[in-house]
Amino acid sequence: MDPDYSAQDVARCDLCKTAIAQSYCDFCHANICTPCIGIHISNEYDKHKIVAIHQRKSTLIYPKCETHQNKTCKYQCKECNIFLCSRCLASKQHNQEHEFFELEEVFSSKKEHIKGDTKELDNQILPAYEDIANDLEMQIASLDDEYKKLTTEMSKQREEIHREVDNAFDQMEKDIGEIKVKHHSILQKHLDEIKQLQSLMKQTLLALNEMEESNEVSPTILYSSKIEEFSKLPPKVNISIPKFIPKQMEREELCSFIGKLTPLSITLEERVSTAKKPNTSVRELLDQPEALNTIKTGYKRLRSVTCLNDEQIWTSGMGADIKCFNIQGVLLKTIQTKSGWWPRDIAVDRDGALLFSDWITRTVYKVKNDQTEKIITLQGWAPNNLCVTSSGDLLVTMYSNDRTQSKVVRYSGSIVKQTIQFDDEGQPLYSENTAIKYISENRNLDICMADCTAGAVVVVNQTGKLQFRYTGHPSPTKNKPFEPRGITTDSHGRILTADRDNHCIHILDTNGHFLRYIDNCDLKNPYGLCVDSNDNLFVCEYYTGNIKKIRYIK
């Protein structure tokens, strides 16, 4: 599709302001509808160049000659680096021994250079900075847990020493707090620098995109590449968490036997830029996804699937049984819900324990070593779908008892860390009265929700700020309303969501742009989704009770 003329950006006539433009004047740079062509060319007809709208901006805009009025410069002096018109050359006012270039050739060469820089910046350098920023953000996010472990270790030693040394311990805790602040400050400083560079690169990328679309010669000719500047990645910050080194307790000189904290260890490790090398890590989508095998679960209504590892999956549907299968389809284990009702959703935490939500008891349970325990019990709300994040937190979608509100809550263990419910204008992010709200965390830490009733995939960043809503992709073969069910993300940041009634999977990029469908594997009413570590896709077929394993990337 022509990016300059699409359903999302209809060109209107610049003369009548209302009709859709079918033509374009490449001399005047005006959009024109068919009835207005005659009006436009009524004066100075020989200067107009009317082309189809999709061929607009095909004529180069040469700079005006500063010496000869009404003349355009189509040449450039190699020695003087100035633009010249044909009259400048004919009048011999310029040194005839100088070598000249045709601007059209220079323009074409520079355009190719700009395209190369745009691709390298967009596909290689900027993602490298995003990875660096994500790593720093994850380090900052984990500081509380790491320092909590440090304090816990110190407290064990503290319990063995008499309370007279409390003041010494208090002073040491203060030291930890100061070190943590310093640690955080160092990481934040580097993160701020990275984000500042990212912002500059995004501004440069936007300028490059505008230059790619522009036919103005002067700024294109004068373009100077910043790739070399951006290619030098910042040094990697290595900071080790301080250690608490205890000492054996003795009754004399207690303070000297408490122990000590190691200082922050900070080193800067130079990063090696790989921006000049082709990016081979991104695996492309297959032209024709293929079903590798089918697992028959026995559910009459199959809703959820989650990977325990690359060889085993957990499944659940409208039944009290939660079943574990290997990828050959052999049933390995069955667990019963506490209430005897079907679970809303299932997930696996980083330790391999099974989590499931029970909307009857309003509780999220954890099953490990065949022991089931409550980890979250709600009042006034019912838990719905689950997602274990890369940091080990648990995201829970939930709805109020009166079904007038929906929200996402982030838990660390049983402690609430974050609630996501409203946008910046105080409006609800999610539809109210549906329990079908599957959720997944993307590799950039965005939180992606398939909101069935809203007919949308709603994506917020890790702070809860709305990034975009995807409401489906026009297709003559997909005539049912877009009502997404399951959702998952792969290692490349792609978002996959199940379109049950249209019997297909939508694949989006990280920014919510539609990439393609998976609709060729004889899918029947796809519902729950998950991917394994190799980006193999597991799809629940709602009514057949089958799970299909699909390979969709090369």
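Attention here is on the structure that accompanies the text. The model shown is predicted, which means the values in this text are computed figures rather than measured ones.

Turning our eyes to something else, we now look at the nonpolar core. One finds Leu 121, Ile 125, Tyr 147, Leu 187 and Met 201 to be the most contacted residues of the largest nonpolar core, which totals 33 residues. At the level of secondary structure, the elements contributing two or more residues to this core comprise α3 (103-141), α4 (143-159), α5 (166-213), α7 (227-231) and β7 (236-240). Examining the composition of this core, we find that 12 residues originate from one element, α5, more than from any other. If we skip the residues at most four places from it in the chain, Met 201 touches Leu 121, Ile 125, Leu 126, Tyr 129 and Phe 230.

On the surface, a cluster of negative charge is made up of Asp 122, Glu 130, Asp 131 and Asp 135. Among the secondary structure elements, Asp 135 is positioned in helix α3. Assessed through its relative accessible area of 35%, Asp 135 is described here as partly exposed.

Take the sheet that holds strand β12 (residues 302-307) next. Backbone hydrogen bonds hold the strands of a sheet together, and the pairing may be parallel or antiparallel. A sheet is described by the order of its strands in space; here four strands give the open sequence β12-β13-β14-β15, paired in antiparallel fashion. A single partner strand is all that each edge strand has here, and the edge strands are β12 and β15 (331-336). Each strand axis lies, on average, 20 degrees off the axis of its neighbour in the sheet, ignoring direction. Pairing of strand β13 (residues 312-317) with strand β14 (residues 321-326), which is carried by five bridges, proceeds in the antiparallel orientation. Directly across from Thr 315, in β14, lies its bridge partner Lys 323.

In this section: the environment of Trp 342. As for its placement among the helices and strands, Trp 342 is situated in the loop between β15 and β16 (345-348). Residue classification places Trp 342 among the buried positions, given a relative accessible area of 15%. The sequence separation of Trp 342 and Ser 357 amounts to 15 residues, and the corresponding C-alpha distance is 9.1 Å. With residues up to four places along the chain from it excluded, the contact list for Trp 342 reads Arg 303, Gly 317, Met 318, Gly 319, Ala 320 and Trp 359.

Taking 1.5 Å of rise per residue, the 17 residues of α4 would be expected to cover 24 Å, and the 24 Å separating its terminal C-alpha atoms lies within 8% of that figure. Among all positions in α4, only Leu 143, Tyr 147, Leu 150, Met 154, Gln 157 and Arg 158 are buried. The buried residues of α4 all sit within an arc of 105 degrees when viewed along its axis, so they share a single face. Away from its buried face by more than 90 degrees, α4 exposes Lys 148, Lys 149, Lys 156 and Glu 159.

The sheet built from four strands is open, its strands ordered β24-β25-β26-β27 with antiparallel pairing. Where the open sheet ends on each side, the last strands, each with one partner, are β24 (437-441) and β27 (466-470). Within this sheet the neighbouring strands show an average axis-to-axis angle of 15 degrees, counted without direction. In terms of strand pairing, strand β26 (residues 456-460) meets β27 through four bridges, oriented antiparallel. Counterpart to Val 457 in the pairing with β27 is Tyr 470.

Bringing the pairing of strand β34 (residues 546-553) into the picture now. For β34, the tally of buried residues reaches seven of eight residues, placing the bulk of the element in the interior. By the bridge criterion, seven bridges tie strand β11 (residues 285-296) to β34 in an arrangement that is antiparallel. Pairing of Leu 285 across the sheet is with Ile 553, part of β34. Here strand β33 (residues 537-541) hands over to β34 after four residues, with Gly 545 in that stretch at a positive phi of 75 degrees.

Glancing now at the pattern of salt bridges. Summed over the entire model, instances satisfying the criterion amount to 18 salt bridges. Between Lys 554 and Glu 284 there is a salt bridge, with its nearest N and O atoms 3.4 Å apart. Placement of Lys 554 in the segment after β34 and of Glu 284 in the loop between β10 (265-269) and β11 is noted, with a sequence separation of 270 residues between them. One salt bridge in this structure joins Glu 290 and Arg 551, with 2.2 Å as the shortest N-O distance. Residue Glu 290 is found in strand β11, and its partner Arg 551 is found in strand β34; the two are separated by 261 residues along the sequence. Each of the salt bridges in this network shares a partner with another, and the network as a whole consists of Asp 393, Arg 410 and Lys 417.

Bringing the state of the cysteines into the picture now. Scanning the model with the defined rule gives zero disulfides in all. For Cys 13, which is in no disulfide, the shortest distance to another cysteine sulfur is to Cys 33 and amounts to 3.8 Å. Cys 13 sits in the buried class, given a relative accessible area of 2%. Between Cys 530, a cysteine without a disulfide, and Cys 307, which holds the nearest cysteine sulfur, the sulfur-to-sulfur distance is 3.4 Å.

Okay, α3 next. Counted at 1.5 Å a residue, the expected span for α3 with its 39 residues is 57 Å, and the 53 Å between its end C-alpha atoms agrees. The sharpest bend along α3 measures roughly 40 degrees and falls at Leu 121.

This next bit is on the side chain of Asn 502. As for its position among the elements, Asn 502 is in the loop between β29 (495-499) and β30 (504-508). Residue class for Asn 502 comes out buried when judged on its relative accessible area of 9%. Within the structure, Asn 502 has its side chain in polar contact with the side chain of Asp 499 (distance 3.0 Å). Contact partners of Asn 502, with chain neighbours within four places excluded, come to Lys 478, Asn 479, Lys 480 and Pro 481.

Cut-offs and rules
Position numbers for residues count from 1 along each chain, tracking the sequence in the order it is written. Totals for whole chains, interfaces and linings use every residue, but because this is a predicted model, local features are given only for residues with pLDDT of at least 70 and side-chain atom pairs only at 80 or more, for both listing and counting. The side-chain values count all of the structure's non-hydrogen atoms but skip hydrogen atoms and water molecules. We call a set of buried Ala, Val, Leu, Ile, Met, Phe, Trp, Tyr and Cys residues a nonpolar core when their side-chain atoms join them within 4.5 Å. For the exposure calls, accessible area comes from a 1.4 Å probe over protein chains only, and a residue counts as buried if that area is under 20% of its type's maximum, exposed if over 50%, partly exposed in between. The way it works is that DSSP assigns letters per residue, a run of H or I at least four long becomes a helix, a run of E at least two long becomes a strand, and they are numbered from the N terminus. In this description, contact between two residues means that some pair of their heavy atoms is separated by no more than 4.5 Å. Without a salt bridge and with relative accessible area above 30%, a residue can belong to a patch; like charges are then joined within 9 Å and nonpolar side chains (Val, Leu, Ile, Met, Phe, Trp, Tyr) within 5 Å. A 1.4 Å probe and the Shrake-Rupley method give the accessible areas. Residues count as covered only by the protein chains that appear here. When a carboxyl oxygen of Asp or Glu lies within 4 Å of a side-chain nitrogen of Lys or Arg, that pair is called a salt bridge. Residues scored as charged are limited to Lys and Arg (positive) and Asp and Glu (negative), so that His and the chain ends carry no count. Here the site of a charge means atom NZ of a Lys, CZ of an Arg, CG of an Asp or CD of a Glu. By the convention used here, strands pair only if DSSP detects at least 2 bridges between them. Lines fitted to C-alpha atoms define the axes here, with helix axes fitted over just the stretch in contact, and angles between the N-to-C directions of these axes take values from 0 to 180 degrees. To estimate how far a helix should extend, the number of its residues minus one is multiplied by 1.5 Å. What the arc covers is the set of directions going from the helix axis to the C-beta atoms. When the sulfur atoms of two cysteines come within 2.5 Å, that pair is taken as a disulfide. For a residue, the bend is simply the angle between two axes, fitted respectively to the seven-residue segment ending there and the seven-residue segment starting there. In the analysis that follows, any N or O atom pair within 3.5 Å is treated as a polar contact, provided that within protein one partner can donate a hydrogen and the other can accept it, and provided that, for residues neighboring in sequence, both atoms belong to side chains.

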